[in-house]
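Examination of the molecular architecture
Here is how the chains run, residue by residue.
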Amino acid sequence: MTLARPSDQLTAGAHQRRRSAAREGRAPGRTPIGYLFVSLYALLTLAFGIAPAVYSVVLAFTTADGGFAGFDNFVKVVTDFRFWPAVEHVVAYLVIWLIGLLVFVVALALIVHALRVRWASTSLRFIYYLPGALAGASSVLLWLFVLDPTASPVGGLLRAMGFNSFVQVIQPGNLPVIFAVIAFWTGAGGWIVIMYGALNNISTEVIEAARIDGANAVQIAWSIQLPMLRKWIAYMGVMSLAAGTQLFVEPQLLSQASNAIVPNDYSLNQLAYQYAFQQNDFNGAAAISLLLLVVALLLSWVFVTRGGLFERE
Amino acid sequence: MVGIHTVVRSRRRSVLAVSALGAATALLALTGCSTGGSSANGSYGFPEAKQDTSSTITVWVDADRQAAAKAFEKAHPDTKIKVVTYDGSANGSNSFRTKIQLFDRAGSGWPDVVFSSQNNDASWASQKTNGKQAFAAVLDKGLVPKDTLSNFTPGALNPCTVSGQVYCLRNDLAQVVLWYNKSLMDQLGYTVPTTWEEYQALGQKVAKEHPGYIVGTQGDAWTPEVFMWGSKCEANNITGPASVTVKTDSTECKRAATLLDTLRGDGTVPNVSVFTPEFVKNYTGKVLMMPGPAWYAGAIFNNAQSLNVPAGQLAVAAPLPWKGEDKAVTGNVGGGTWFISSHSKNLKAAEQFAQFVTTADDYQVNVAPGYPAYAPAAQKWIAKQDASKYYATPLQPIVTAASQVWDGWGYGLFSQEAVWAKTMTPAITGGKNIADLLPTWQQAIENQAKVNGYKVN
Amino acid sequence: MTTLSQQRRQRVNLGGWSGRAIGGVILLVFVLFFVIPIVWLLLAVTKSSKALILDNPFALGSWADFTANWNQLFGFQDGAVTTWIGNSALYSVGALVITLLVSIPAGYALALTEFRLRKALLVLTLVVMLIPSTALVLPIFLELNTVGLIGSPLSVILPMSFFPFGVYLTYIYFSTSVPRDLLAAARIDGCSEFQVFTRIALPLAAPIVALVAFFSFVQNWNNFFLPFVMLPSSDGYPVQVGLTSLLASTPAFNPSSAGSDSVQLPTLALATIVSILPVLIVFLFSQRFLVTGMTAGGTKE
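What this report covers is the structure whose coordinates are included nearby. (Residues numbered from 1 in each chain as written. Chains lettered and ligands numbered in written order. Predicted model: local features only at pLDDT ≥ 70, side-chain atom pairs only at ≥ 80, totals over all residues. Heavy atoms only, no water.)

Some words on the overall build of chain A
A count of helices and strands for chain A gives 15 helices and zero strands. For chain A, the proportion of contacts with a sequence separation of at least 24, taken over those separated by at least 6, is 65%. (Helix = DSSP H or I, 4+ residues; strand = E, 2+ residues; numbered from the N terminus. Contact = heavy atoms within 4.5 Å.)

Following this line, the structure appears as structure tokens:
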């Protein structure tokens, strides 16, 4: 294979594939083997995905006794005094979180991948991933201390920002940023690993060719690596959007750490949980979950179409 | 060729749809299934399951109450129990109610005896939910002997009493008393106040003469239970299983609010929580007085990891009245409860267990860390504490305070502590006065009560 | 895709010194960001509770304090912590095995084979992934209760092995990194579809298998809600659920548990570290597979 320009090679590949498909006379792989391979997965999806989802939808439109409720549950939930504050919280958090995640994960993955030294690359990925192993109850203690200016390892930083006590740090106005920081701290590492793996699969010849042509690292990243990461970034966008709208762990953590100063109905998902298990109202909880789902679907549609998540090259 | 494909395609698609619908209908049908069994009340005042006096009972305890289960096993080796530990429904986890709701829907799996570290579970456990039988067994219609029930400290069973019937046994009390450091007070030349007004004056005096010393804290979620409850503020008057009266604009509430604002302003009752590093760092050796529950002794004062007050310094005084009140009332911060399941197949063993862990000396006097709710055990427990020679004064005021808990503050489904922490603490931190925030507090309590199904008047 | 112009080549090469410095600074800032709390946590297990509060956050504690914390942790509820870790391992590994068996072929099929419901399944999977788990917990509980599985490890393993995230990862990987002409070539050479999968695609999929295995393990290890709902008995608890019992005995998080027997904060820190060690070990192990990228050399004539 001659050293073609990167753009040429991409189009050339597509051309070849189209030719081979035409040669076969039918779409490749259209045999029952596809059904066999997905059968187990389809079974699990039905049992633990579709059936519970349908049940949930049914719950959202019925009353506690099983009668039809129309949109009553939705009205009840939307007029709840905690609903709109929760929406504001989630939106504020989502904006900060999504932008931060997309920008920094890709940037860090690119930089780490560009490192020549093998051990540095491996240990950096390990370091960035480390916090991701901390989930749920384990890290309550951590944040109780890290956010208290009198005992925190970053106490100097907090005091420099004007906070002198724990309650000052967790004032409502600071919470979206705090949660975004916590979520980034625990979530970025995993995505960096995925992006790194994706970068590894870009043919080195393409990059070498570009480098020989005089492109620097930024140009290579912008023109070659980023476009080939399109699907992965779209996936990350969709998953982070979903995770963001379903904000639950971080406010729950801080709620425990602060003894409820950060309320346990801060986010919409927490509100659904309260409906289900504090108020014994599974219908209301299902209604909130359905609303969350619809919003997440609408927003992620943007990523799916722009990122070409369902296309095949 | 194409025709067959289309048929196959649509058949597969409809198979998928039908199976999904079928699964959904099946699940729906499940929820319609009732638990079966008689719904007529048995001799104890609730529908009983078929009894089997030799079956093993399942007991849910938290880590601290495992000792109670062990003590029972030692004292009654012939009664078979299975011990399951869980988080005791602590810190707002609500796990007790969550699991029981799931068992209700499944129609089986209930434990026989449950310990909850919260004191308001009777508000839901005594009620039928969605047509399902109430989880808690009625205790005062014969299941638990009358003299046992009457030997509990007066008022101790209030959290367990709903619509006049008793649904649980109280494990321990958490009455609010006035803790003070006798050596420090003597050293600085102060006398113990006898009313809240004197307490406020003393706080202001300390601020002027010895800044840096404190006479209390108001940064915890249970601040209203210490100060507002003790001032007879009607913020949580639960009048029925689904009704509550909230009035925070009364003189009683305003006087406590002013006290807190004044002393917060001059720094003697700071807005800090006693379980934060900040408290230990800034106020070790500086605590003159502290109105707080009985368990503060072990949690804060006599605890090497917290204030670590040396022996012979800590003293306790009876709760303070407001001027003009002939009898002082006080608040209460906690105290766990034991429930017997109405679905239990071995009520005899369950009752034996519940009665043992709440009344027996083997546990309540010898092992239990908290002030027992059962009066005879409480007397012996206090005597034991007195004999430890840690305290500077006799502990009789704690016993007095136990029966002084004001009954105008109820134990509802929703958490007053959570409302205060969510609404008031951030506002106070932001610089507002509690006296100005009273209407906001009222609105927040009403909102929370309404979403939990209460009618507010 | 524009080609590089002459003018760009003549401009100052940003990939030089200043670009590398910026990159280095970014790396360093984030290293500090990720590492400082972890270092604090590691040091915290060597201190007593009072030292944790009063001493410098980066001061080292003492061996005696560490031993005391260790003993308190593993003595808690007569060694419950060890049981919990064992349970976590059982559930996570069990679910992991099933996940791999199910997800890798499924992702392959979604990416590289054609069947009628392909796009529908993709969309459906995405939709299901977006549903908050609060809504799914009750129906799954009722389902498993009907078949009588509540309380057994399967009630936790089976729902956990439904891992659409992994299927998507596999799908994306196969659709971007395995060239279709490779498979076409294999088919022309006479391989059956099954052989194409096992002989060609699977060996190339080592990185994604490692990735899916890793994420599946971590997600299952950290899953709190599912085991909490499904398991009524404390000896079946995984670490995450057990930790709530530990938390409930810590006065800072449950004031009514205060007493001389209560769990101290550094013990909690130790519990945190012990509960994440297996995850970190699995991470290090699976990292080796991630480094081997797939070479495009398969299509070289």
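Details of the overall build of chain C
Broken down by element type, chain C carries 15 helices and zero strands. When the 301 residues of chain C are sorted by exposure, 59% land in the buried category. Considering only intrachain contacts with a sequence separation of at least 6, the fraction spanning at least 24 residues in chain C is 72%. Here chain C has roughly 11,600 Å² of accessible surface; of this, 67% comes from carbon and sulfur atoms. (Buried < 20%, exposed > 50% of the residue type's maximum accessible area, 1.4 Å probe, protein only. Areas by Shrake-Rupley, 256 points an atom, 1.4 Å probe, with all protein chains shown as cover.)

A look at the sheet that holds strand E13 (residues 337–340) of chain B
Residues and elements named next belong to chain B. In spatial order, the strands read E2-E1-E3-E13-E6; together these five strands make up an open sheet with mixed pairing. A strand with exactly one partner marks an edge of an open sheet, and here the two such strands are strand E2 (81–85) and strand E6 (168–170). Neighbouring strand axes in the sheet, compared pairwise and without regard to direction, differ in orientation by 20 degrees on average. Taken together, the three bridges between E6 and E13 define a ladder with antiparallel strand orientation. Considered in E13, the bridge of Arg170 is made with Thr337. Along the sheet, helix H12 (residues 347–359) contacts strand E1 (57–61), E2, strand E3 (113–116), E6 and E13; its crossing angle with E13, the most-contacted strand, is approximately 170 degrees. (Pairing = 2+ DSSP bridges. Axes fitted to C-alpha atoms, helices over the stretch in contact; angles between N-to-C directions.)

Structural notes on the nonpolar core
Among the nonpolar cores identified, the biggest contains 359 residues, and Trp179(B), Tyr199(B), Phe279(B) and Trp441(B) are the most heavily contacted of them. Per element, the largest residue contribution to this core is 17 residues, and it comes from helix H9 (residues 175–200) of chain A. (Core = buried A, V, L, I, M, F, W, Y, C linked by side-chain atoms within 4.5 Å.)

Things to note about the packing of aromatic side chains
Scanning all chains against the criterion turns up 74 aromatic pairs over all chains. Ring centres 6.0 Å apart and planes at 45 degrees place the aromatic pair Phe279(B) and Tyr283(B) in the tilted group. A residue pair is termed a helical-turn pair when its members lie 3 or 4 positions apart in one helix, as Phe279(B) and Tyr283(B) do in helix H10 (residues 277–283) at four residues. Taking relative accessible area as the criterion, Phe279(B) reaches 0% and is therefore assigned buried. Linked through ring pairs, Phe126(A), Tyr129(A), Trp191(A), Tyr235(A), Phe163(C), Phe165(C), Tyr168(C), Tyr171(C), Phe214(C), Phe215(C) and Phe283(C) together constitute an aromatic cluster. Between Arg125(A) and the ring centre of Tyr196(A), over which it is positioned, the NZ or CZ distance is 3.8 Å. Sitting above the plane of the Phe228(C) ring, Lys99(B) keeps its charged end 5.1 Å from the centroid. (Phe/Tyr/Trp six-rings, centres within 6.5 Å; stacked < 30°, edge-to-face > 60°. Lys NZ or Arg CZ within 6 Å of the ring centre and 35° of its normal.)

Points about the interface of chain C and chain B
Where interface size is given, it is often the accessible area lost as the parts come together that is meant. In this assembly, 38 residues from chain C lie in contact with 39 residues from chain B. Both faces combined, the contact of chain C with chain B buries some 3,400 Å², and carbon together with sulfur accounts for 63% of it. The interface formed by chain C and chain B includes one salt bridge. For the salt bridge of Lys70(B) with Asp78(C), the shortest nitrogen-to-oxygen distance reads 3.5 Å. Those elements giving two or more residues to the side of chain C that touches chain B turn out to be helix H3 (49–54), helix H7 (133–146), helix H13 (225–230) and helix H14 (239–248) of chain C. In terms of residue count, H7(C) provides more of the side of chain C that touches chain B than any other element does, seven residues in total. Residues belonging to the side of chain C that touches chain B are distributed by class as follows: 19 nonpolar, 15 polar and four charged. (Buried area = accessible area lost by both parts, 1.4 Å probe. Salt bridge = Lys/Arg side-chain N within 4 Å of Asp/Glu carboxyl O. Nonpolar A, V, L, I, M, F, W, Y, C, P; charged D, E, K, R; others polar.)

Topic: the interface of chain A and chain C
With 111 residues of chain A at the interface, the matching set in chain C holds 115 residues. The contact between chain A and chain C buries some 10,500 Å² in all, and 75% of this surface belongs to carbon and sulfur atoms. Linking chain A with chain C are zero salt bridges. Where chain A packs against chain C, one counts eight residue pairs in polar contact (both at pLDDT 80 or more). The greatest single-element share of the side of chain A that touches chain C, amounting to 19 residues, is contributed by helix H2 (residues 33–60) of chain A. Taken together, the residues of the side of chain A that touches chain C break down into 70 nonpolar, 28 polar and 13 charged. (Polar contact = N/O pair within 3.5 Å; in protein donor to acceptor, adjacent residues only side chain to side chain.)

Quick word on a nonpolar patch on the surface
Residues and elements named next belong to chain A. Side chains of Val91, Val95, Ile96, Ile99, Val103, Phe104, Val177 and Val181 sit close together on the surface and give an oily, nonpolar patch of about 640 Å² of accessible area. Every element with two or more residues in the nonpolar patch is listed here: helix H4 (83–114) and H9. When residues of the nonpolar patch are assigned to their parent elements, the largest contribution, six residues, is made by H4. Relative to the elements of secondary structure, Ile96 occurs in helix H4. (Patch = residues over 30% accessible without salt bridge, like charges linked within 9 Å, V, L, I, M, F, W, Y side chains within 5 Å.)

Some remarks on the environment of Phe303(A)
Residue placement: Phe303(A) occurs in helix H15 (residues 282–307). Sequence separation between Phe303(A) and Leu292(A) is 11 residues; the distance between their C-alpha atoms is 17 Å.

Observations regarding the packing of helix H3 (residues 95–106) of chain B against H7(C)
Relative to each other, H3(B) and H7(C) sit at 50 degrees, their axes nearing to 10 Å. Between H3(B) and H7(C), the angle is such that the two are oblique. Here H3(B) runs over H7(C); the crossing is right-handed. Two secondary-structure elements touch here, H3(B) through Leu102(B), Arg105(B) and Ala106(B) and H7(C) through Leu138(C), Phe141(C), Leu142(C) and Asn145(C). In the contact of H3(B) with H7(C), the residues fall into five nonpolar, one polar and one charged. (Parallel < 35°, antiparallel > 145°, perpendicular 65-115°, else oblique. Left-handed = near helix turned anticlockwise from the far one by under 90°.)

Points about helix H12 (residues 230–245) of chain A
Each turn of an α-helix holds 3.6 residues, which means side chains three or four residues apart point in the same direction. Counted at 1.5 Å a residue, the expected span for H12(A) with its 16 residues is 22 Å, and the 22 Å between its end C-alpha atoms agrees. Burial runs high along H12(A): 14 of the 16 residues are buried. (Expected span 1.5 Å × (residues − 1).)

Regarding the pattern of salt bridges
All names here are of chain A. Evaluated as defined, the whole model comprises 13 salt bridges over all chains. Of the charged contacts in the structure, one is a salt bridge between Asp281 and Lys76, with a shortest N-O distance of 2.5 Å. Residue Asp281 is found in the loop between helix H14 (268–277) and H15, and its partner Lys76 is found in helix H3 (residues 72–78); the two are separated by 205 residues along the sequence. Judged by its relative accessible area of 33%, Lys76 falls in the partly exposed class.

Re the state of the cysteines
All names here are of chain B. In this structure the tally under the stated criterion is two disulfides over all chains. Across the disulfide, Cys160 is cross-linked to Cys168 (sulfur-sulfur distance 2.0 Å). Between Cys160 and Cys168, the S-S torsion sits near -100 degrees, and that sign places the bridge as left-handed. On the basis of relative accessible area, Cys160 is assigned to the buried category, the value being 0%. Cys168 sits in the buried class, given a relative accessible area of 1%. Residue pairing for Cys233: its cysteine sulfur links by disulfide to Cys253, the two sulfurs lying 2.0 Å apart. Here the S-S torsion is close to 95 degrees, and the disulfide linking Cys233 with Cys253 is therefore right-handed. Here Cys253 lies in helix H9 (residues 251–265) and Cys233 lies in the loop between helix H8 (223–228) and strand E9 (234–240), a separation of 20 residues in the sequence. (Disulfide = S-S within 2.5 Å.)

Considering the sheet that holds strand E8 (residues 176–181) of chain B
Residue and element names in this part refer to chain B. Spatially, E11-E8-E12 is the arrangement adopted by the three strands of the open sheet, whose pairing is antiparallel. Single-partner strands in this sheet number two, and they are strand E11 (289–293) and strand E12 (314–317). Neighbour-to-neighbour, the strand axes of this sheet turn through a mean angle of 35 degrees, independent of strand direction. Sheet topology places E8 next to E11; five bridges connect them, and they run antiparallel. Bridged to Val176 within E11 is Pro293.

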